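What follows is each chain in one-letter form.
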Amino acid sequence: MWKQLSILGLAGLSYHSLSYAQDTNTEGADDSIIVYGVRLEQALTEVGSSVTVITAEEIEAMGVEYVLDAVATAPGVTINQNGTFGGSASVRIRGASSEQTLVIIDGVVVNDPTSPGGGYNFARLDPANVERIEILKGPQSTLWGTDAIGGVVNIITRQPVESFEGSAFAQFGSFSSLRGGVSVGGANAGFDYRLAYSGHTTDGISKADEANGNDEDDDYDSTTLSGSLGYNFAVDARLQAQVLWTDADSEFDSFSFGDQGNVADGDELSQTEELSANVSLSFSGLDGRLQNDFLVGRTEIERENFTDGVSSFASEGDRDTLRYQGTLSIDDRNQLAFGAEREETESNGDDTSIDGLFALYELKPAKAWTLSAGVRRDDHERFGAETTGRFAAAYNPTKSFTLTTSWGEGFKAPTLFQTTFFCCGATEPNADLQPETSRAWDLGAIIRSDDGRGELGLTYFDQDTTNLITFSFAVGGYENIAKAESTGFELFGGYQVTDWLGVSGSVTRIDATDGDGTELVRVPEVTADVAFTINPQSDLSGSLFVRYNGEEQDANGEVASWTRVDVSGSYQMTDTVELYARIENLLDEEYQQILGYGTPGTSGYIGVRFGF
């Protein structure tokens, strides 16, 4: 394993700075990148805590078909999926569980209120309409309340910038895959709009690994529609409405007792419909020094599973959000954000609510320093009040050096499912269930070459989580266990060898254990990646990406380590037409992300993009 990692390390460190993703510690010299997920809209150099930003251009350069694969490129992030093409997909940040990752789209929380742990399933999220992804690492409950105990994935969709603009794409490839989309939009001084469609269909592969004797392909079909409508008033005010709707059918395989991950071929189908929408109003006051933002948001999800064509499970839930935030620019060195929000959640007839008040303060005591601190008070209908705080500092004495540090707290209230479910001889749910809480800190540094071609960075992190919630047959429901600990580091860097050749990469080590020292499941100790990007002075460009995932524990056994190689390229035929292609798993690696579930061998895709 370490031989493989040393090869990756020699090839280059921090794929994320000079290729696709941009990390707080790897892009400290760029003040033009603004991070919106930290509420204060700070420059990336000023955030203090660890943030990775992935733009639409970078997503397009990767050639990925799912947002999941773009998020996976961030240091400290690990993913798991029980079968490619629509299989349930989760994101873990620095060893925290996937249910402790809060996901936001255009300011609205989209975590599934009907799932047992309230996590978000990334399997269906198409990247065609995504403008940028911000990944905030560590507890962020002071910023976003409950569920942001391990980190936040903040997704912002595309907005029109020209008086009229349009685009379309179409691709086909392995497993009879077809994917395409079209968007139109326009903007002027007072009015803007955007409408977009994307669709994906594939015969897929067997979600239960073919190597275990499973040969029935599992289809996947999805449709995504999105729209935005905005109006800028004569005064400094803006009214906007946004909507995102996805409908997906995903075949999957059946539960089966055995030593191959308890999964085998079966006639199973999941139908899911998701909706996220919001209306926002923004206006300024105090001669432009006070920015006021109001948002009303709603998410809905309906799921139904079928076994042999007969309905076997159904659920539906929704989440309503009402939020106000004021941001006051006191002077060039002082900024204050404050606000309140209410969230009401319903799942299969049960409901609950939570109210929150928050305040964030930014101080720049000297040119090189940015300090920020915050406090939040949340009052949960069932579990009472919880107070969380955070602190972050960034030090930029020169453009060649950045030092960052942060400390934060998080909490996660039990979900409606966890507070109402019981079985196995129990007569009622566990009435003693308590919220999960966490504390974490990190320290990072980045150095850059004087010519701007190279950089090298290191971030160390430490997080403790208490009152973890888990299912227990002994109590016939959910209970709190003692704690989990997660420590580690992210090493990253890169070098622009020539004007047309860049090499970069990262190595992350995570030591994640429970209170007894037992390794947490589905958290590899080591992950690493390296990328070579080629962009000659012509219309041709390309990249080679190598990803390593160390061995990890699964509930049913051990999942072996794996290394995957992907190649992508594009050719700009005209100003408005571009051809692109991607080969995944070039070396035909046989591997699993979750025990018993297969992944595709060598596969290829080719497509064309149009602009008009």
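These notes cover the structure that comes with them. (Residues numbered from 1 in each chain as written. Predicted model: local features only at pLDDT ≥ 70, side-chain atom pairs only at ≥ 80, totals over all residues. Heavy atoms only, no water.)

**Some remarks on the pairing of strand 15 (residues 237-255)**
(1) Moving on: Where strand 14 (residues 220-232) meets strand 15, 13 bridges bridge the pair, whose relative direction is antiparallel. Bridging across to strand 15, Leu225 finds its partner in Trp245.
(2) Moving on: Between the end of strand 14 and the start of strand 15, which pair antiparallel, lie four residues.
(3) Moving on: As defined by bridge partners, strand 15 adjoins strand 16 (residues 263-285) across 18 bridges and the pair is classed as antiparallel. Directly across from Ala237, in strand 16, lies its bridge partner Phe283. (Pairing = 2+ DSSP bridges. Helix = DSSP H or I, 4+ residues; strand = E, 2+ residues; numbered from the N terminus.)

**Overview of a negative patch on the surface**
(1) Moving on: A contiguous patch of negative charge, built from Asp203, Glu210, Asp215, Glu216, Asp217, Asp221, Asp267 and Asp308, is present on the exposed surface.
(2) Moving on: With respect to the helices and strands, Glu216 occurs in the loop between strand 13 (191-202) and strand 14.
(3) Moving on: The exposure class of Glu216 is partly exposed, given its relative accessible area of 32%. (Patch = residues over 30% accessible without salt bridge, like charges linked within 9 Å, V, L, I, M, F, W, Y side chains within 5 Å. Areas by Shrake-Rupley, 256 points an atom, 1.4 Å probe, with all protein chains shown as cover. Salt bridge = Lys/Arg side-chain N within 4 Å of Asp/Glu carboxyl O. Lys, Arg positive; Asp, Glu negative; His and termini not counted. Charge placed at Lys NZ, Arg CZ, Asp CG, Glu CD. Buried < 20%, exposed > 50% of the residue type's maximum accessible area, 1.4 Å probe, protein only.)

**A closer look at the nonpolar core**
(1) Moving on: Residues Val71, Phe122, Ile133 and Ile155 are the most contacted members of the largest nonpolar core, which totals 33 residues.
(2) Moving on: Taken together, the elements giving at least two residues each to this core come down to helix 3 (56-62), helix 4 (67-71), strand 5 (77-81), strand 6 (89-93), strand 7 (101-105), strand 9 (130-137), strand 10 (151-157) and strand 15.
(3) Moving on: Excluding residues that lie within four positions of it along the chain, Ile155 makes contacts with Val67, Val103, Ile104, Ile105, Asp106, Leu125, Val130, Arg132 and Ile133.
(4) Moving on: Ranked by size, the runner-up nonpolar core spans 18 residues in total, among them Val38, Leu102, Leu136 and Ala148. (Core = buried A, V, L, I, M, F, W, Y, C linked by side-chain atoms within 4.5 Å. Contact = heavy atoms within 4.5 Å.)

**Some details on the pattern of salt bridges**
(1) Moving on: In this structure the tally under the stated criterion is 30 salt bridges.
(2) Moving on: Here Lys364 ties to Glu46 by a salt bridge, and the two come within 2.9 Å at their closest N and O atoms. Taken together, the residues span a long stretch of sequence, with Lys364 in the loop between strand 20 (350-363) and strand 21 (369-380) and Glu46 in the loop between strand 3 (42-43) and strand 4 (51-55) at a distance of 318 residues.
(3) Moving on: Its salt-bridge partner being Glu300, residue Arg298 comes within 2.6 Å of it at the nearest N-O pair.
(4) Moving on: On the basis of relative accessible area, Glu300 is assigned to the partly exposed category, the value being 32%.
(5) Moving on: Bridged by salt links that share partners, the residues Arg39, Arg323, Glu341, Arg376 and Asp378 form one connected network.

**Considering the side chain of Ser353**
(1) Moving on: Relative to the assigned elements, Ser353 resides in strand 20.
(2) Moving on: A relative accessible area of 12% means that Ser353 is categorised as buried.
(3) Moving on: A distance of 3.4 Å separates the side chain of Ser353 from the side chain of Arg342, its partner in a polar contact.
(4) Moving on: Aside from chain neighbours lying at most four places away, what touches Ser353 is Arg342, Glu343, Glu344, Asp379, His380 and Glu381. (Polar contact = N/O pair within 3.5 Å; in protein donor to acceptor, adjacent residues only side chain to side chain.)

**Quick word on the packing of aromatic side chains**
(1) Moving on: The full count for this structure, using the stated rule, is 16 aromatic pairs.
(2) Moving on: Between the aromatic rings of Tyr231 and Phe233, the centroid separation amounts to 5.0 Å while the plane-to-plane angle is 85 degrees, which identifies the pairing as edge-to-face.
(3) Moving on: We classify Tyr231 as partly exposed; its relative accessible area is 42%.
(4) Moving on: The exposure class assigned to Phe233 is partly exposed, which follows from its relative accessible area of 37%.
(5) Moving on: When the centroid spacing of 6.2 Å and the interplanar angle of 50 degrees are considered together, the rings of Phe421 and Phe471 count as tilted. (Phe/Tyr/Trp six-rings, centres within 6.5 Å; stacked < 30°, edge-to-face > 60°.)

**With respect to the layout of surface pockets**
(1) Moving on: Here the second largest pocket is characterised by a volume of approximately 1200 Å³.
(2) Moving on: Considering the residues around the second largest pocket, the lining is formed by 35 residues, among which Tyr36, Glu41, Ile156, Ser282 and Asp293 are closest to the centre.
(3) Moving on: It is strand 17 (residues 290-307) that provides the largest number of residues to the lining of the second largest pocket, a total of five residues.
(4) Moving on: Residue composition of the lining of the second largest pocket, by class: nine nonpolar, 17 polar and nine charged. (1 Å grid on protein atoms, 1.4 Å probe; cavity = no way out; pocket = protein on both sides within 12 Å on 5 of 7 lines; lining within 4 Å. Points joined across faces, edges and corners; volume = space filled by probe spheres on them. Nonpolar A, V, L, I, M, F, W, Y, C, P; charged D, E, K, R; others polar.)

**Notes on the environment of Gln434**
(1) Moving on: Summarising the element assignment, Gln434 is placed in the loop between helix 6 (416-420) and strand 24 (436-448).
(2) Moving on: In this structure, the C-alpha to C-alpha distance between Gln434 and Glu479, residues 45 residues apart in sequence, is 8.3 Å.
(3) Moving on: When sequence neighbours within four positions are dropped, the list of residues in contact with Gln434 reads Pro414, Asn467, Ile469 and Asn480.

**So, the environment of Arg298**
(1) Moving on: Checked against the element boundaries, Arg298 lands in strand 17.
(2) Moving on: Residues Arg298 and Ser486, 188 residues apart in the sequence, show an inter-C-alpha distance of 33 Å.
(3) Moving on: Excluding residues that lie within four positions of it along the chain, Arg298 makes contacts with Val108, Leu275, Ser276, Ala277, Asp318, Arg319 and Asp320.
(4) Moving on: Separated by 3.4 Å, the side chains of Arg298 and Asp318 make a polar contact.
(5) Moving on: In this structure the side chain of Arg298 is engaged in a polar contact, spanning 2.7 Å, whose partner is the side chain of Asp320.

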